[in-house]
Amino acid sequence: MILRTLRPSYSLRPIQSLPSLAVALGISEVELVGLIRKAPSLYREGKKPKDDGTFRIYYDALEPLKTIQGRLLRKILDRVTWPPYLFGGVQDPCNPRDYVGNANIHSGAALQFKTDVTSFFPSIKADLVLRIWDGVFRFSHPVSDALTALTTYRGFLPQGTRTAQALANLAFWDVEPEIIAQLAVMDFQYTRLTDDITISTNDPRAVKQLGKAIQLIHGMLRSRGFRRKGKKERISTQRGPMLVNNVLTNRRPSLPGKKRNEIAREVISLVRRMEIAGHPLLPREESELRHVAGRLNTLARFHPREAQRLGTLLYGVLPPPTAKSTGVWRWANKQSPN
């Protein structure tokens, strides 16, 4: 019973034929077959810079594949009941599953271990995606085959598409529950945000079990053919900073001092330049303003008083329409932090 609650589940009736799949996707069977045939040519590759100076490769599906993937997400993948240890791209209005919620699970822990996967999305091969459609959704093999063709590219899961995050969340669907149950016996709690795995315990004595716990996680990764980023693995205690997704978790979730100071410098620098310039915003300045406003919103999630003080400064040098369009108007109300 416990393992069942830890496993992602799909409660709707499984799709058993291509005509039924076509109906579910709102297209004809002829259109479905044609789209499966053309799918490999319907992707555009792009690059995004990462914090370490390297680039992340992402893919954008082109029409009509993009629309069909959106329907797959809404009509099938969003109908999955997600277990509580999964974060990132999970629809849960009552309990948001983002990086802040993930960090909160491990706040105040005595001991913490983190690891993640090298080239996670490219390492999720088409045969694993096929097993997900077969195993989680219990679709017939022809249907699972068709859905694999519609959601993979050159034999792997392409990061950036509408269906990629949900399928990545299901990469360990059948092995994760058993691992989590074993970790719970050792008094470790487990979460995963895409490929970032964190375990922690509130009991300092559990350090005796840490080696075994790490072996369980490494074994799970190997069972899927994944390679871990050994250089990024961390064991942390309350003697030093404990970070989950770049959020400090020694007590309550908070941003590191370096990040807070960086945001403050950006805001103050922009305010001073705008005071001196005394002219309407140029396109480059407007882009920078939106960036800074986003950083303030991040700061407000952890340090509302700090964000309110900086946001009020920024609001003071903006014309009302700009303050409204960028969301900075909220700081004019001087709302009391929660």
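Rules used in this analysis
- Residues numbered from 1 in each chain as written.
- Predicted model: local features only at pLDDT ≥ 70, side-chain atom pairs only at ≥ 80, totals over all residues.
- Heavy atoms only, no water.
- Phe/Tyr/Trp six-rings, centres within 6.5 Å; stacked < 30°, edge-to-face > 60°.
- Helix = DSSP H or I, 4+ residues; strand = E, 2+ residues; numbered from the N terminus.
- Buried < 20%, exposed > 50% of the residue type's maximum accessible area, 1.4 Å probe, protein only.
- Pairing = 2+ DSSP bridges.
- Salt bridge = Lys/Arg side-chain N within 4 Å of Asp/Glu carboxyl O.
- Polar contact = N/O pair within 3.5 Å; in protein donor to acceptor, adjacent residues only side chain to side chain.
- Contact = heavy atoms within 4.5 Å.

## Comments concerning the packing of aromatic side chains
So, step 1. The final tally for this structure, using the stated rule, is 14 aromatic pairs.
So, step 2. With a centroid separation of 5.9 Å and an interplanar angle of 75°, the aromatic rings of Tyr-85 and Tyr-190 are classed as edge-to-face. Of this pair, Tyr-85 sits in the loop between strand E4 (80-81) and strand E5 (86-87) while Tyr-190 sits in strand E7 (residues 189-193); the two residues are 105 residues apart in sequence, bridging distant segments of the chain. Both residues of the pair, Tyr-85 and Tyr-190, count as buried.

## Side note on the sheet that holds strand E8 (residues 196-201)
So, step 1. Taking strand neighbours across the sheet as the criterion, the five strands line up as E5-E7-E8-E6-E9 in an open arrangement whose pairing is mixed. Strands with a single pairing partner mark the edges of an open sheet, and in this sheet they are E5 and strand E9 (234-237).
So, step 2. Across five bridges, the pairing between E7 and E8 is antiparallel. By the bridge assignment for E8, Gln-189 is matched with Ser-200.

## Concerning the pairing of strand E2 (residues 43-49)
So, step 1. Judged from the seven bridges that link them, E2 and strand E3 (residues 55-61) form a sheet pairing that is antiparallel. From the neighbouring strand, Pro-49 faces E3, where its bridge partner is Phe-55.
So, step 2. Connecting E2 to the next strand, E3, in antiparallel fashion are five residues, including Gly-53 with a positive phi near 95°.

## Topic: the pattern of salt bridges
So, step 1. For the structure on display, the rule yields 13 salt bridges.
So, step 2. The residue Arg-44 makes a salt bridge to Asp-60 at a minimum N-O spacing of 2.8 Å. Placement of the pair is Arg-44 in strand E2 and Asp-60 in strand E3, with a sequence separation of 16 residues.
So, step 3. When the shortest N-O distance is used, the salt bridge between Asp-174 and Arg-224 registers 2.1 Å. With Asp-174 in the loop between helix H9 (164-169) and helix H10 (176-185) and Arg-224 in the loop between helix H11 (210-223) and E9, this residue pair connects regions lying 50 residues apart in the sequence.
So, step 4. Classification of Arg-224 as buried rests on a relative accessible area of 11%.
So, step 5. One network of salt bridges, in which partners are shared, links Lys-259, Glu-262, Glu-266 and Arg-295.

## Points about the side chain of Asn-245
So, step 1. Examined against the element boundaries, Asn-245 turns out to sit in the loop between strand E10 (243-244) and strand E11 (247-248).
So, step 2. A polar side-chain atom of Asn-245 sits 3.3 Å from a polar atom in the side chain of Asp-196.
So, step 3. Not counting residues within four places of it along the chain, the set of residues in contact with Asn-245 comprises Tyr-99, Asn-102, Lys-114, Leu-193 and Asp-196.

## Concerning the side chain of Asp-203
So, step 1. As for its placement among the helices and strands, Asp-203 is situated in the loop between E8 and H11.
So, step 2. There is a polar contact of 3.0 Å between the side chain of Asp-203 and the backbone nitrogen of Arg-205.
So, step 3. Residues within four places of Asp-203 in sequence aside, it is in contact with Ala-110 and Asp-187.

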